[in-house]
Amino acid sequence: MTQSLLFDSSLDLCAFQAGSPKCGTCGLWEQCCSPKMPVTGNGRKGILVIAEAPGKEEDKKNIQLIGNSGQLLRRSLELCDVDLDEDCWKTNAIACYSPGKEAKESHMVCCRPLVNQTIRDLQPKVIVLLGKMAVKSVLGQEWTRGINAMDRWVGWQIPLQRLNAWVCPIWHPNVLLHNQHAVLGLLFDRYLESAVSLQERPWQHPPQWESQIIVETSCWDVTLEKLERAKNEYKGKAVAFDYETDRLKPDSSDAKILSCAICFGGQRTIAYPWIPELAEWTSQFLRSDTPKIGANIKFEERWTQKVLGHGVKNWVWDTVQAAHILDNRDGITSVKFQAFVRLGLSMWDLAVENYIAGEDSNSPNRLASVSKRQLLQYNGMDALVEYKLAMLQRKELNETHNKGCL
Ligand code: SF4
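Residues numbered from 1 in each chain as written. Predicted model: local features only at pLDDT ≥ 70, side-chain atom pairs only at ≥ 80, totals over all residues.

Considerations on the sheet that holds strand E10 (residues 292-294)
With mixed pairing, six strands are arranged side by side in an open sheet as E6-E9-E8-E7-E10-E11. Across the chains shown, the open sheet's two edge strands, defined by having one partner strand only, are strand E6 (213-215) and strand E11 (315-318). Within the sheet, the average angular offset between the axes of one strand and its neighbour, ignoring direction, is 25°. By the bridge criterion, two bridges tie strand E7 (residues 239-245) to E10 in an arrangement that is parallel. Directly across from Val 239, in E10, lies its bridge partner Lys 292. (Pairing = 2+ DSSP bridges. Helix = DSSP H or I, 4+ residues; strand = E, 2+ residues; numbered from the N terminus. Axes fitted to C-alpha atoms, helices over the stretch in contact; angles between N-to-C directions.)

Some words on the nonpolar core
In terms of nonpolar packing, the biggest core is built from 101 residues, with Ile 50, Ile 127, Val 128, Leu 129, Val 167 and Ile 170 touching the most fellow members. Of all the elements, helix H15 (residues 372-402) adds the most residues to this core, at ten residues. When residues of this core are assigned to domains, at least three fall in each of domain 1 (9-196) and domain 2 (209-402). Residues in contact with Val 128, not counting those within four places in the same chain, are Ile 47, Val 49, Cys 168, Ile 170 and Ala 195. (Core = buried A, V, L, I, M, F, W, Y, C linked by C-beta atoms within 7 Å. Buried ≥ 20, exposed ≤ 12 C-beta atoms within 10 Å, placed from the backbone. Domains from an automatic or database assignment. Contact = placed C-beta atoms within 7 Å.)

Topic: the site of the ligand
Residues in contact with the ligand amount to 15 residues; listed here are only the nearest, Pro 21, Cys 23, Cys 26, Cys 96 and Cys 111. Of all elements in the fold, only helix H2 (23-26) and helix H6 (105-122) reach the threshold of two or more residues within the shell around the ligand. For the shell around the ligand, the leading source of residues is H6, giving four residues. (Near = placed C-beta within 6 Å.)

What to know about the sheet that holds strand E1 (residues 47-51)
Read from one edge of the open sheet, five strands run E2-E1-E3-E5-E4, paired in mixed fashion. Either end of the sheet is taken by a strand with one partner, and the two such strands are strand E2 (88-92) and strand E4 (158-160). Pairs of neighbouring strands in the sheet enclose a mean axial angle of 25°, with direction left out of account. Two strands pair when backbone bridges link them, and E1 and strand E3 (residues 126-130) are joined in this way by four bridges, in the parallel orientation. Counted as the bridge partner of Leu 48 is Ile 127 from E3. Running at roughly 135° to E3, helix H7 (residues 132-139) makes contact with E1, E3 and strand E5 (165-170) of the sheet.

As for the pairing of E1
Regular strands show a simple pattern: their side chains alternate between the two faces of the sheet. For E1, the buried fraction is high: five of the five residues fall into the buried class. Note: E1 against E2, five bridges, orientation parallel. Across the sheet, Ala 51 pairs through a bridge with Asn 92, a residue of E2.

Some details on the domain arrangement of the chain
Size of an interface: often given as the accessible area lost when the parts come together. Taken domain by domain, the chain comprises domain 1 (9-196) and domain 2 (209-402). Just the C-alpha atoms count here: the centres of domain 1 and domain 2 sit 36 Å apart. Taken residue by residue, the interface counts twelve residues in domain 1 and eleven residues in domain 2. Per element, the largest residue contribution to the side of domain 1 that touches domain 2 is three residues, and it comes from E4. For the side of domain 1 that touches domain 2, the class distribution of residues is seven nonpolar, two polar and three charged. (Nonpolar A, V, L, I, M, F, W, Y, C, P; charged D, E, K, R; others polar.)

Observations regarding unusual backbone geometry
Of note in the backbone geometry, Gln 123 takes a positive phi value of approximately 50° without being a glycine. Residue position: Gln 123 is located in the loop between H6 and E3. Take Gln 123: there are 13 C-beta atoms within 10 Å of it, and that puts it in the partly exposed class.

Some thoughts on the environment of Ser 369
Looking at where Ser 369 falls in the secondary structure, it is placed in the loop between helix H14 (335-343) and H15. Remark: the alpha-carbon pair of Ser 369 and Asp 246, spanning 123 residues in sequence, is separated by 10.0 Å.

Quick look at the environment of Val 167
The residue Val 167 is located in strand E5 in this model. Taking the C-alpha atoms as reference points, Val 167 and Val 128, 39 residues apart in sequence, are found 6.1 Å from one another. Here Val 167 is in contact with Ile 127, Leu 129, Val 138, Leu 139, Ile 158 and Leu 160, once residues within four sequence places are set aside.

Section: the packing of helix H10 (residues 220-233) against helix H11 (residues 276-286)
Closest axis-to-axis distance for the H10/H11 pair is 10 Å, and the angle between their directions is 15°. With respect to each other, H10 and H11 are oriented roughly parallel. In this structure, H10 meets H11 at a crossing whose hand is right-handed. Listed contacts from H11 to Trp 220, Thr 223, Leu 224, Leu 227 and Lys 231 of H10 are Glu 277, Leu 278, Trp 281 and Phe 285. Looking at the contact of H10 with H11 residue by residue, the classes come out as six nonpolar, one polar and two charged. (Parallel < 35°, antiparallel > 145°, perpendicular 65-115°, else oblique. Left-handed = near helix turned anticlockwise from the far one by under 90°.)

This is how it looks when you write it as structure tokens:
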């Protein structure tokens, strides 16, 4: 398949659209000494630092990050052998100083095309986002479910596929100036060091996982043959499996599974509609010893119990539980968030996102009205992403354990 059904190419272009900032609407340029402050720094190490907005001092001298916050950042970077001015480029989510006022989100939105243009021109390897405004400016375009609390973003090194760059959110150094807590300072230095030590781009070529999904809309006996072959070829290896259902909970008598997808060994993902012949094969497979991975496995377990009348044998990994064990911050355990911060992937649910929610957990959603191909493609991506997440989480858990931190 050459073109994804879920990744609308026109949307891709819009998401990181360059172009002109909306200075007429914003108006900040009229009130400052250094309007539309240009990027400064030599970027020798390919690191782009995006802060919030210029302060008074910076506005006067037409250079970013030379006030107290900038000095603090400079000192922290020196500990990592990074020179802010020589090794990095510096810019702001809002390019103009806002005298006597706090920089507002509306200013950031007007200025976002300038940030995008900067990223496009410089092609940084690492993008350090200082504070929530910078996070909203860059990640708000990719993560459309709401940025919410800054704390859940801090410290991740996001291998953003669309930019093939590491995007590393961290607190604005201003936060440290107002909060002298030693742990905060230690974490700031640690996260900063992890970000600026990244040597290579995250991807040799950004992956095209969506094109690897085998969407089965052919005769059921052909699908059955493919499933059987995959089962034998990947015998003993873990699989991730995922259902799409017509509501959240299976308790109503008319609740239905719509489709199922199985990712075999991370190599082959088959998504198929839920018809009796394939449900029968699935039932046997789920009772086999094959190790199973899921995201929020109680969902698949409940639906399997209700529809097939038995449980799933040999669950070995739940990406939601693992996410919580690895990092107990709020708002980070969903498969979508984990896929974004660990795999740099978002928006594979574009075609279905408005159809997933019912009025309540027992009311039908509208997934049945999505085209079969789109539903299966989405289902397949879920299974594949769950598999990849499980492998990354397991690796991290092993590394953490080996370091003796648990
Ligand atoms: S902050 Fe950005 S959008 Fe606003 S006036 Fe300055 S350059 Fe233009």
